[in-house]
Amino acid sequence: MKKSKIEPSGELPISLENQPEGYSEWLIDLKKRIQSAQQRSALAVNRELILLYWQIGREILVRQDKAGWGAKVIERIAHDLRNAFPEMKGFSRANLMYMRAFAEAWNEDQIVQQAVGHLPWGHNLVLLTKLKSEQERLSYAQGALENGWSRNVLTIHIESRLLERTGKAVTNFEKTLPKAQSDLAIESLKDPYKFDFLGIGSEAAEKEIETAMVTHITQFLIELGAGFAYVGRQVHLEVGGDDFFIDLLFYHLKLRCYVVIEIKAGKFKPEHLGQLGFYLTAIDKEVKSAQDNPSIGLLLCKSKNKVVAEYALGDKTQPMGIAEYKLEDALPEDLKTSLPTIEQIEKELEGK
């Protein structure tokens, strides 16, 4: 006996075959508008909360300054607000202290107009606690807003001093690329790159570094920065019947071009650029489409002499950059021996 289709109670069966003309396109557009409205609503709610926190912090500052309210009043405020709004989080003594520091760090115009007013409260706490200067906070806030960094990613970038390293690679982009693309390409590279997340020693060989990078591709892409898409490792190219293999190949979504990355586990030498240039030519002739911009090369080396690097790039007509990489942060030997092992940490946690 054929089983009948069960429909939700009170609803008529919907036929997907008899849709009105243009319905699918209209539905897609409607979904986009609803999602956009949801995002705007969430952003508006967040801005109101950030402004409220700033106003609370400002009120505390003013009253402590002009009315002589002591530090203990914050504990009283926390108690009274939690009683008045038991369903709301964020009125702990610690968070009220952060509100006070937040108001002390920014004026109202900055909260309304700058990126800090558009970021979640958790992001602002990271900016407050990890950065000292206003300019640094503004720069990282803008980076978080433009690139959609989560709070954890923002923390990683601050601790690795991302913005201080951005645009520092030695390149010839100004001479080899159009102005608009050159500026973006320069800002897309950094120096040095920090690969301490790879978990390998500073004497690691090139192939070991490549393998670790692919194993930790998510962290590697975060370190490379926004726009990089992974294509492959040891990418095979056949040129004139001979086989060649590119260490790492990426595609940059903003620059609209392939990025060839070669790794050298030693000090930079001018002859390294010859191999990189050959790979760029091969990618442009064998892989790049007519819609893609000329490919860019990035040579990662353990160390470099900046003057030698600049001289080596001087006569190159292909866009290339040279940057150092750091595999691990150096720790004093006495500190290394005093650090607890993973087993010790786990035992301590189990005992709590």
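Residues numbered from 1 in each chain as written. Predicted model: local features only at pLDDT ≥ 70, side-chain atom pairs only at ≥ 80, totals over all residues. Heavy atoms only, no water.

Trainee: Mind laying out the nonpolar core, listing which residues take part and the relevant values?
Mentor: Core analysis: the largest hydrophobic core is formed by 36 residues, its most contacted members being Leu96, Phe102, Trp106, Ile111, Leu127, Tyr140 and Leu154. Among the elements of the structure, helix H1 (23–66), helix H2 (73–84), helix H3 (93–105), helix H5 (121–130), helix H6 (134–147) and helix H7 (151–159) are those that each provide at least two residues to this core. Top element by residues in this core is H1. It accounts for seven residues. The contacts of Leu154, once residues within four sequence positions are left out, are His123, Val126, Leu127, Tyr140, Ala144 and Trp149. With 30 residues, the next largest nonpolar core counts Ala185, Tyr193, Ala212 and Phe250 among its residues. (Core = buried A, V, L, I, M, F, W, Y, C linked by side-chain atoms within 4.5 Å. Buried < 20%, exposed > 50% of the residue type's maximum accessible area, 1.4 Å probe, protein only. Helix = DSSP H or I, 4+ residues; strand = E, 2+ residues; numbered from the N terminus. Contact = heavy atoms within 4.5 Å.)

Trainee: Run through the pairing of strand S6 (residues 296–303), naming residues and quoting values.
Mentor: Counted residue by residue, S6 has six buried out of eight residues, so it is predominantly covered. Examined bridge by bridge, strand S5 (residues 257–267) and S6 share seven bridges and lie parallel to one another. Within the sheet, the bridge partner assigned to Glu262 lies in S6 and is Leu299. Note on the crossover from S5 through helix H13 (residues 272–286) to S6: the handedness is right-handed. Alignment of S6 against strand S7 (residues 320–326), held across five bridges, turns out to be parallel. Bridge pairing links Leu300 to Ala323 in S7. (Pairing = 2+ DSSP bridges. Right-handed = clockwise from strand over helix to strand, strands pointing away.)

Trainee: Can you break down a negative patch on the surface residue by residue, with the values?
Mentor: Taken together, the side chains of Glu238, Asp242, Asp243 and Glu286 present a region of like negative charge at the surface. Checked against the element boundaries, Asp243 lands in strand S4 (residues 242–252). (Patch = residues over 30% accessible without salt bridge, like charges linked within 9 Å, V, L, I, M, F, W, Y side chains within 5 Å. Areas by Shrake-Rupley, 256 points an atom, 1.4 Å probe, with all protein chains shown as cover. Salt bridge = Lys/Arg side-chain N within 4 Å of Asp/Glu carboxyl O. Lys, Arg positive; Asp, Glu negative; His and termini not counted. Charge placed at Lys NZ, Arg CZ, Asp CG, Glu CD.)

Trainee: Account for the side chain of Asp292, naming residues and giving values.
Mentor: You can see Asp292 is positioned in the loop between H13 and S6. Of the polar contacts made by the side chain of Asp292, one reaches the side chain of Tyr251; its length is 2.6 Å. Reaching out from Asp292, the side chain makes a polar contact with the backbone nitrogen of Ser289 at a distance of 3.0 Å. (Polar contact = N/O pair within 3.5 Å; in protein donor to acceptor, adjacent residues only side chain to side chain.)

Trainee: Explain the pattern of salt bridges residue by residue, including any values.
Mentor: Counted under the stated rule, the structure contains 14 salt bridges. The closest approach of N and O atoms between Arg161 and Glu136, which form a salt bridge, is 2.5 Å. Here Glu136 lies in helix H6 and Arg161 lies in the loop between H7 and helix H8 (162–165), a separation of 25 residues in the sequence. Looking at Arg161, the relative accessible area reads 29%, which means it is partly exposed. Judged by relative accessible area, Glu136 falls into the partly exposed class, the value being 21%.

Trainee: Run through the pairing of strand S3 (residues 228–239), naming residues and quoting values.
Mentor: Consecutive side chains along a regular strand alternate between the two faces of the sheet. As paired strands, S3 and S4 are joined by ten bridges and run antiparallel to one another. Across the sheet, residue Phe228 finds its bridge partner in S4, namely His252.

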